[in-house]
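Observations on the three-dimensional arrangement
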Amino acid sequence: MSCTLTVESNIQNVSTIRKFLFPSLLEEESSAKSPDDAWEEEDWGWGEEFTEETQQQKKKKEEEANSWLEDCCVSLSPTNDLLALAFEDRAVFLSHKWESEKIKYQISWKGPVNLEEGECVTSILCIPLASLKRSSTGGPDWTCVVMGFTSGYLRMYTESGNLLLSQLLHEDPVLKVKCSTYQPRRHAGAAEQLEELTILYPNALVTIDGFSLYQSLRACRNQVARAAAGGSDVQPPPLAYKKWGLGHQDNMVDHVSCGVVTPSLFDQLQTASILGGYGATITHNPPAAARYITSGTSPYVAFFFAVEGTAPPIISEVAAAVASKLKSALISGVGGWLGWKGKPQGEDPKQKPKVEPATPLPLRFGLPDLRRHGDSIVLSPGRQLAATTDSFGRVILIDTDKGVAIRIWKGYRDAQCGWVQVTEDRDRDAMVTDTPPREALFLIIYAPRRGILEVWAMQQGPRVAAFNVGKQCRLLCPGYTMMGLNSVTFYSNKPPTYQCCLVEPSGVLKIINVPFHLILSGANSKRARDLHLLKKLSTILSIPSSQEGSLEKQLVDVISDIRIVALKRQGLEKVLSHKILPAEPMQRVIRTVKNNIQLALEKEDPDSIAPESRGLLHFCRVQDQLLDMYITVSQLNKQGIQAMGMAENNPEQTLAATLSLSVSEVLQYLSAVDDYMRESAGTRVHFQDPIHMTPAAFLSCFVCPYHHVDDNAPTVSSLQVSMSSDIDEQLSLKLGTFLFKCGLTGGDSIGELCSCLEVSGIPAADLMSLLLRVWLNSETELIRPRDVSPVSNMHCLLASITRTADAHAIHAEPNVVSPWWHRVRDICTAAEAPASALMASIAARSVAASVVPTNKTVNKEQESQEDKDTDQEALSLSSPSLSTTSTDTLEEWEAVAMDTEHWNLLVNQLEDVVVLSTLLRSKVRDGADRPPSYAETMGREHKVVSVKGLLEGGSGAIAALVANWVARTGILPSMLSVSHHAEGEDEAMEMGADVTAEPRLPELERLADLYRSQLERFPHSLDPEVLHAHCTWEYVVQWNKDPEVVALLERSIEHLKFVGNAYLQHGLGCMMWHTFMVKKFSATAFLMEKVGKAPKDRLCRKDVGLSDAALTNFLGQCNILLQVILEQAEVESPYPFFSTQAEVESSHVPVFDIEDLWQATQGPTSIAELAAEQRVSNYQLLQHHIKLSRIMHAVMVFSLKTVKPMSYYFDTKGKNAFFKDLHSYPLLPGSDIDIAIVSARQQFLCRIVSAAVGTLPIPPAYLTKDNSSVSMETDKEKELLQSDLDAYQTLSDNKVVMEACRWADAMLALGQRLEVDVDVVRRHYCNELYSRGYDYLGQEVLNSVNERCQLGCELILLVGKRLSHLLATAEPRRSVQLLSRLPPTLSTWLKQQSPSDVPFPDVPLLQTAQLLSQVVSLLPETHGQYSLAIQLVESIDAMRG
């Protein structure tokens, strides 16, 4: 409410500072201490007069000791970061530190500052410099200390005492150094206040531009840092400045710079007429001028104007130095030419630099007073007023624009002045306007001789405050902020600054705080006063208090002192929104204020009471009522925590009696809920904390608007409140938990809670919403086995809230749904906690049935007698036996049936959702056996289900949810189909079919049985065809999220194979191809075309987004998918041919149905329906894509090079037809294929066959037989033959051999589609098998070759290479012996054979003999190689013999 003088900070080690600055005081203290001081004066018996004299001397010495601050030059940075003190040739810098949440100034540097003998400090100034960093928080970068000396030097230092710059600007002593910083224009007609530094000399004034000074100081500081690091000296650049010679005034002691001012047109005419007379010329644009005001003698105050544009040029040391060097060079040159030399440089090192003379600046006008001597002058923040002090003890207020004295204060000898500018604190309503806030100006006068500090309102205002302070203090008023700001950075850099500070000799710094309302009067003062009281109230609440009684008294006193009703309500809202204040003190404050308001209103005339006052009284009553409710519920919560978790003996019968149900129905519902909760165990983690909510948070949830009641009404309107519209979900849940959690869990407090809620004034709809939100969000805490008390309590609360609701909202017209229960059903429908929603719906259905009989009275009040008579006549005509009473009963029955039907439907739907959620929450238990997890990349969280979600999810919502569950658990596709078609499984077992090809795991069997139980409730939604379709889509979607896991795509295609309907299977395959696979497939094809080989891993990841291994598997799945689509496209052709009745049934268009409870389902079309609507694919185009897919897959598997799948093996038509929609009909290649393409295809197939056979391992016969001998007994040969047959049987079961044979067979099949001579590929395949030593596999292929003669010629060469290898590896003597038995021509032919071309030539001789017999049978007798074959047979017989 009033001004305050608060302690801001303290100076530490004041005695150390004083002793350093004033060493003489230390000497006096030491000299005063002598041995005689030890004698006690009482022993000498001196009188009282001597004692009084001694006390006066001590007091005088203490005053002299405390006067040290008055003799110092003191400056405090506007940002409070640096304090500088100087006396004579010594200075101390103190920086602020935070200690115990208080600012304390500690010595950061001290030392001498004189560079010349005898010079002393006359003025000091701390200037904070703004930071140029964008990340700056607004504080200064560093602070520069500027000092003026008696020698005329101006020196600048850093905070650590490093000298930045020293320059002689004038030869006279420096009197004052002042600074002006940037200030934006106050209004459109004013100019911006620019930065500058002014230095006053006895007869001159030097001004330095702020921008250039800022840049120079930053450069000097960087040079000092470099010099300190490198050990070199600093050569600072000279400052640019202006020097004005101020004449016509004696003994100037102080000055101020008012900045650049532009005179008005009248002032311009007046000045021109006075100076130039009648014939003076007037310029159209008024000249801008810099105004300077000085204080001194004759005149007492002088005004000087330096017109912009006509000012002298800037004087610089650089120009002076250049001129001096030119002069020295010229004199030196002329002297050498004439025979004499000038005086050598450096003879007078102490010579001062040359100082330029000042430019005269005439006196414009002044305040003449011959006897008055000015002491100081201080400029106001707006630069419109200035306060001066003089030798007569006067303080004079001067208007700087008009140049006149407008006010004088007397009796202030040696006064110090300062200014405080205060901005208005506007309330919330005024802050929305665009008008700038008002500002108030106060003059601070410190009278040291009287020890008083006064605050005066400007310009003609009264004294608003006075403080008793010490007599040796210093009043500091800098009048500037940070240097280096501009119009852009001024608003973003606003550090906390002070305006006026009082420094005591003890080191205490005090800040003067003045409220804005002290400048006002009347109504404005009343509002400003109340605003100040609001601020005081906030301060009281922010300070912790240990005594509640004193805090309550302070709050009541401040709120009662507020006069404006709106602001008083704001004060109450501040108290009610305090987060720490308990409810009881808060209620006592509200009741005290309410009683005071009520007493004040009773004294006034009822007709003259303002509506705002009535509204405030209503506000207090409502808050008191809410606090009553808060305290009551808090007590119930404390009592109810002890009663939680108590179970009853017969829960089913108790619940059946409460809900008006049979025991069997209750058991049915509880069984479903128990199964659901059993599967939900461990899915959520809850920490049972005490139910607590602060009073402020509780009250913030409600809104009590102003109520303008009728003036004639004796009281205000009913105490009704409403929920806040901006309350969030978390706070709403917290409020509901606070209100209802105790009532739902504790049975003893339910009655008191219901009574409290009925008189709370909270709307029933809001209470119902809070209750349902708490119930639905506390499923795991409230739904517990063998504990039905929460359900009974829920029923009681629903009935209690329903009784407080509007009867017209509950009881609707006949055949019309009740709005009240419709909202309740909507909340339960959207609930994602199905078990809680089910029990809440059952309880609400019971409450709805219990309140229906009152509908008769409501309907009778709403209907007219005429309508009733008409209805009775119509009813009597149709059924004469019915009476009037039966008519009323029929109307009631119709209304009951409408709501009951909706409740029954919702309960049945929620029961289905509970059972479905039980399935979706089930998972493979930890530690149980399970198949390879294809779903590790999918989240473990189950899908949340609600009735609303199923109704809006479309007809396939249930199947989609179960499909996601199947993917998460990893259930095999065969389990889903076999579990549903048990009869088909039995039939297959009777026929000997292998129905257990895949492993059966007990845990998955358990989940499959759980799925089987769902078929009774969802026979249509979970039909195996539909479920497999959604599983197919679910897996492929998950694969698309993580393409590296190709196993997901493989499982998707497995589910696709289990879809029996041809239309559905074909459509799903096409959707998978077009949506997810064709893009990667085409990218792979183009990549192979670009690199001409199987791409490496880096290129695969870059262009396709898959690794090379994943890409290989992906191409294999593309083959399978296209083959599935091709098979079903053939079935869907216009003229299909079916071999079985099953194929005929599978070709029918599927019909999708939905259960009766879910007929209202709306939403997107299901995947199965979309698949059935797909167009039939082009059979030829599918075959065309299969060709390319097989080629690309083979290239990736065997890493072939020099292969371009599209360019090498397809013509232009074929390449253009790729990657089109499968149902389109592009131009495809015909039967006349180019011979070069056919040859390339044939070579490619042979390469693949060779690569596939090359993966075969060494035949087992090689590992079991000793090949050192070439002749064996017949019995041993038979044993070897039998062992080879056994080894062949084992080899055929080898996966590597099976994979190689599968690849060879696939290439043969691909050759037929590519229209290549397959017999050539088959002969090549046979040769490769014999070359690898797999004679038994080669014999199978040999029987299917058509060109037998050509094959015989090729195999006879292989026989020769085997025999050549046998002779080459035998012992030399044995080899010579064998060759001697052979004919010469045969020996020569064998030597010409090269066995190095055969991968495995070391084959048993018995197998070679068998191969040779096959060759003889292949060659006709007339063939040229037939005789050679006969010779080879004889030779082998000779070797074996």
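Worth saying up front: this structure is predicted, and the values here are computed from it rather than measured. (Residues numbered from 1 in each chain as written. Predicted model: local features only at pLDDT ≥ 70, side-chain atom pairs only at ≥ 80, totals over all residues. Heavy atoms only, no water.)

Another aspect to go through is the overall build of the protein chain. The number of helices and strands found in the protein chain is 53 helices and 32 strands. Relative to its full complement of 1441 residues, the protein chain shows a buried share of 49%. Sequence-distant contacts, at least 24 apart, represent 72% of the contacts inside the protein chain between residues at least 6 apart. (Helix = DSSP H or I, 4+ residues; strand = E, 2+ residues; numbered from the N terminus. Buried < 20%, exposed > 50% of the residue type's maximum accessible area, 1.4 Å probe, protein only. Contact = heavy atoms within 4.5 Å.)

A cluster of nonpolar side chains, contributed by Leu265, Leu269 and Ile282, occupies part of the molecular surface with about 260 Å² of accessible area. On the secondary structure map, Leu269 appears in helix α7 (residues 265–276). (Patch = residues over 30% accessible without salt bridge, like charges linked within 9 Å, V, L, I, M, F, W, Y side chains within 5 Å. Areas by Shrake-Rupley, 256 points an atom, 1.4 Å probe, with all protein chains shown as cover. Salt bridge = Lys/Arg side-chain N within 4 Å of Asp/Glu carboxyl O.)

Two measures describe an aromatic ring pair: the distance that separates the ring centres and the angle between the ring planes. Taken as a whole and assessed by the stated rule, the structure comprises 22 aromatic pairs. Residues Phe93 and Trp109 carry aromatic rings whose centres are separated by 5.0 Å and whose planes lie at 40° to one another, so their mutual orientation is tilted. Residue Phe93 is found in strand β4 (residues 90–99), and its partner Trp109 is found in strand β5 (residues 102–112); the two are separated by 16 residues along the sequence. When its relative accessible area of 0% is taken as the criterion, Phe93 is described as buried. (Phe/Tyr/Trp six-rings, centres within 6.5 Å; stacked < 30°, edge-to-face > 60°.)

This part is about the environment of Asn251. Inspection of the secondary structure puts Asn251 in strand β14 (residues 250–261). Distance in space between the C-alpha atoms of Asn251 and Ser298 is 8.4 Å, their sequence separation being 47 residues. If near-sequence neighbours (up to four positions away) are discounted, Asn251 is found in contact with Ser295, Gly296 and Thr297.

Quick look at the pattern of salt bridges now. Considering all chains together, one arrives at 33 salt bridges under this definition. Across the salt bridge formed by Lys510 and Glu504, the nearest N and O atoms sit 3.0 Å from each other. Judged on exposure class, the residue Lys510 and its partner Glu504 are both buried. Bridged by salt links that share partners, the residues Arg591, Lys594, Asp624 and Asp628 form one connected network.

A separate point is unusual backbone geometry. With an omega of 0°, the peptide bond between Ser298 and Pro299 qualifies as cis. By secondary structure assignment, the location of Pro299 is in the loop between β15 (289–297) and β16 (301–307). Residue Gln459 follows Met458 across a cis peptide bond; omega there is -5°. Secondary-structure assignment places Gln459 in the loop between β26 (452–457) and β27 (463–468). Within the chain, Arg383 stands out as a residue other than glycine whose phi angle is a positive 60°.

By secondary structure assignment, the location of Val177 is in strand β10 (residues 176–180). Note on Val177: relative accessible area 4%, which makes it buried. Each C-alpha atom, one on Val177 and one on Val206, is 9.6 Å from the other, the two residues being 29 residues apart in sequence.

Another aspect to go through is the pairing of β5. Bridging between strand β1 (residues 4–11) and β5 involves 3 bridges; their strand directions are parallel. For Ile11, the partnering residue across the bridge sits in β5 and is Tyr105. (Pairing = 2+ DSSP bridges.)

Before going further, it helps to spend a moment on the sheet that holds strand β19 (residues 363–367). As summarised here, the arrangement of the 4 strands in space is β14-β15-β16-β19, forming an open sheet in which the pairing is antiparallel. Looking at the sheet topology across the chains shown, the edges are occupied by β14 and β19. This sheet shows a mean twist of 20° between the axes of neighbouring strands, independent of strand direction. Taken together, the 4 bridges between β16 and β19 define a ladder with antiparallel strand orientation. The residue of β19 that forms the bridge with Ala302 is Gly366. (Axes fitted to C-alpha atoms, helices over the stretch in contact; angles between N-to-C directions.)

All right, on to the nonpolar core then. Grouped together as the largest cluster of nonpolar side chains are 139 residues, with contacts concentrated most on Phe698, Phe740 and Trp775. When residues in this core are grouped by element, the largest group, 12 residues, is from helix α13 (residues 611–640). Sequence-distant contacts of Trp775, defined by excluding residues within four places in its chain, comprise Leu744, Leu782, Ile783, Pro790, Val791, Met794, Ser836, Met839 and Ala840. If you look at the next biggest cluster of nonpolar residues, it comprises 122 residues, including Ala959, Leu1188, Val1321 and Met1439. (Core = buried A, V, L, I, M, F, W, Y, C linked by side-chain atoms within 4.5 Å.)

As a further point, take the packing of helix α40 (residues 1179–1198) against helix α43 (residues 1235–1253). Interaxial distance between α40 and α43 falls to 11 Å at its minimum, and their mutual angle equals 40°. For the element pair α40 / α43, the angle class is oblique. Here the hand of the crossing between α40 and α43 comes out left-handed. Where α40 abuts α43, its residues Ile1191, Ala1194, Val1195 and Phe1198 lie against Phe1244, Ile1248, Ala1251 and Ala1252. By residue class, the composition of the contact of α40 with α43 is 8 nonpolar, no polar and no charged. (Parallel < 35°, antiparallel > 145°, perpendicular 65-115°, else oblique. Left-handed = near helix turned anticlockwise from the far one by under 90°. Nonpolar A, V, L, I, M, F, W, Y, C, P; charged D, E, K, R; others polar.)

This part is about the side chain of Asp254. Tracing the backbone through its elements, the reader meets Asp254 in strand β14. By relative accessible area, which is 2% here, Asp254 ends up buried. A polar contact is formed between the side chain of Asp254 and the backbone nitrogen of Ile377, at a distance of 3.0 Å. In this structure, Asp254 is in contact with Lys176, Lys178, Leu200, Ile293, Thr294, Ser295, Asp375, Ser376 and Ile377, ignoring residues within four places of it in sequence. (Polar contact = N/O pair within 3.5 Å; in protein donor to acceptor, adjacent residues only side chain to side chain.)

Now for the sheet that holds strand β23 (residues 404–409). Taking strand neighbours across the sheet as the criterion, the 4 strands line up as β20-β21-β22-β23 in an open arrangement whose pairing is antiparallel. Only two strands of the sheet have a single neighbouring strand rather than two, namely β20 (374–379) and β23. Neighbour-to-neighbour, the strand axes of the sheet open up by a mean angle of 25°, direction not taken into account. For strand β21 (residues 385–390) and strand β22 (residues 395–399), the ladder comprises 5 bridges, and the chain directions are antiparallel. Paired with Thr389 across the two strands is Val395, which belongs to β22.

A word on the state of the cysteines. Counted by the stated rule, this structure contains 0 disulfides. Free cysteine Cys179: the closest other cysteine sulfur is in Cys144, separated by 9.8 Å. (Disulfide = S-S within 2.5 Å.)

Turning our attention to the pairing of β23. With 5 bridges joining them, β22 and β23 adopt antiparallel strand pairing. Looking at the pairing, Val395 lines up with Trp409 of β23. What sits between the antiparallel neighbours β22 and β23 is a turn of 4 residues, in which Gly403 has the positive phi angle 75°.

Next up on the list: the packing of helix α47 (residues 1318–1331) against helix α49 (residues 1348–1369). For any two helices packed against each other, one specifies the inter-axial angle together with the distance between the axes. Between α47 and α49, the shortest axis-to-axis distance is 11 Å and the interhelical angle comes to 15°. On the basis of the axis angle, α47 is roughly parallel to α49. α47 and α49 meet at a crossing whose hand is right-handed. Within the contact between the two elements, α47 uses Arg1323, Cys1326, Asn1327, Tyr1330 and Ser1331 and α49 uses Gln1350, Leu1351, Glu1354, Leu1355, Leu1358 and Arg1362. Within the contact of α47 with α49, the residues separate by chemical class into 5 nonpolar, 3 polar and 3 charged.

The next thing to look at is the confidence of the model for the protein chain. Confidence in the prediction of the protein chain, expressed as mean pLDDT, is 79, and 78% of residues score 70 or more. Every residue in residues 310–349 scores below 50 in pLDDT, and together they form 25 contacts with partners more than four places removed in sequence or on other chains. For the stretch residues 931–937, pLDDT sits under 50, and the model shows 15 contacts to residues farther than four places along the chain or on other chains. (pLDDT = per-residue confidence, 0-100.)

Checked against the element boundaries, Val1176 lands in the loop between α39 (1167–1172) and α40. For Val1176, a relative accessible area of 34% translates into the label partly exposed. Taking the C-alpha atoms as reference points, Val1176 and Ile1125, separated by 51 residues in sequence, lie 9.7 Å from one another.

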